[in-house]
Amino acid sequence: MTAAFRSARSLPLWTLIGGLIAATLDISYAISYWGLTKGVPAERVLHSVASGLIGREAALGGGAGTAALGLFLHYFIAVLMAAAYAVGASKLAWMRRSPWLAATLYGLWLFVAMNFIVVPLSRAGMKGLPPDPVWIGLSILVHIVFVAWPIAWAVNRALNAKGGLHAR
């Protein structure tokens, strides 16, 4: 197996790893924040994720199965976010040269996209940001540090692999 082939094959693997790390950190934050500040159980947080696909009433009435759907959807979305970053970083050299800047901008974009495009277009029934400035500020930070930075780290690990297709 050639070094170029190993590197090309490692990009999907490292993209998946970055997405899984990002999803784990993000959902851990959401469950912790809502649990500690408002006493919301983890299952309810996962129901809110599932509500984007099946609607609020169906999600709340779905029990553990709907919570599992929410967890699956959360991880699926994070892996898609990682894949989108990987495509961009594969094509745009500045993203590989300046991964912290690229990831920070990507994290800001993810916050905007999720809150002003994805969620409003979903069946969750929510529009705009919640009226909690602490949640908003922390969510911006989390989208950068817990979501975009791990994704960028993982993707760049593959793209900048020694002897790989995109080595410097």
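Predicted model only: the values in this text are computed from it and were never measured.

Participant: Looking at this structure, how should I read the overall build of the chain?
Facilitator: Looking only at helices and strands, the chain has seven helices and zero strands in total. N-terminal to C-terminal, the α/β element order of the chain is α-α-α-α-α-α-α. If one aligns the C-alpha atoms of the chain with their principal axes, the spans along those axes are about 50 × 30 × 30 Å. Residues counted as buried form 39% of the 168 residues belonging to the chain.

Participant: Where do I start with the environment of L25 in this structure?
Facilitator: Checked against the element boundaries, L25 lands in helix α1 (residues 3-38). By relative accessible area, L25 is classed as partly exposed at 32%. Considered as a pair, L25 and V145 are 120 residues apart in the sequence and their alpha carbons are 9.4 Å apart. Once you skip the residues sitting within four places of it in the chain, L25 turns out to touch F146 and P150.

Participant: What's the story with the packing of helix α2 (residues 42-54) against helix α4 (residues 63-91) in this structure? I'm lost.
Facilitator: In a pair of packed helices, the angle between the axes and the distance between the axes together describe the arrangement. Two numbers describe how α2 lies on α4: the axes approach to 7 Å, and their chain directions differ by 70°. The orientation of α2 relative to α4 falls into the category roughly perpendicular. Judged by residue contacts, E43, L46, H47, V49, A50, L53 and I54 of α2 engage G63, A64, T66, A67, L69, G70, L71, L73 and H74 from α4. Residue composition of the contact of α2 with α4, by class: ten nonpolar, five polar and one charged.

Participant: What am I meant to see in the packing of aromatic side chains here?
Facilitator: Here the distance between the centres and the angle between the planes together describe a pair of aromatic rings. Throughout the structure, instances matching the rule amount to nine aromatic pairs. Arranged with centres 5.6 Å apart and planes meeting at 85°, the rings of W14 and W153 form a pair that is edge-to-face. Taken as a pair, W14 in helix α1 and W153 in helix α7 (residues 133-159) lie far apart in primary sequence, 139 residues in all. For the pair Y33 and W34, a centre-to-centre distance of 5.0 Å together with 85° between the ring planes defines the contact as edge-to-face.

Participant: Mind showing me how you'd approach the side chain of T15 here?
Facilitator: With respect to the helices and strands, T15 occurs in helix α1. A relative accessible area of 8% places T15 in the buried class. Not counting chain neighbours up to four residues away, the residues in contact with T15 comprise A82, A83, A86 and V155.

Thresholds, definitions, all that
Residues numbered from 1 in each chain as written. Predicted model: local features only at pLDDT ≥ 70, side-chain atom pairs only at ≥ 80, totals over all residues. Heavy atoms only, no water. Helix = DSSP H or I, 4+ residues; strand = E, 2+ residues; numbered from the N terminus. Buried < 20%, exposed > 50% of the residue type's maximum accessible area, 1.4 Å probe, protein only. Contact = heavy atoms within 4.5 Å. Axes fitted to C-alpha atoms, helices over the stretch in contact; angles between N-to-C directions. Parallel < 35°, antiparallel > 145°, perpendicular 65-115°, else oblique. Nonpolar A, V, L, I, M, F, W, Y, C, P; charged D, E, K, R; others polar. Phe/Tyr/Trp six-rings, centres within 6.5 Å; stacked < 30°, edge-to-face > 60°.

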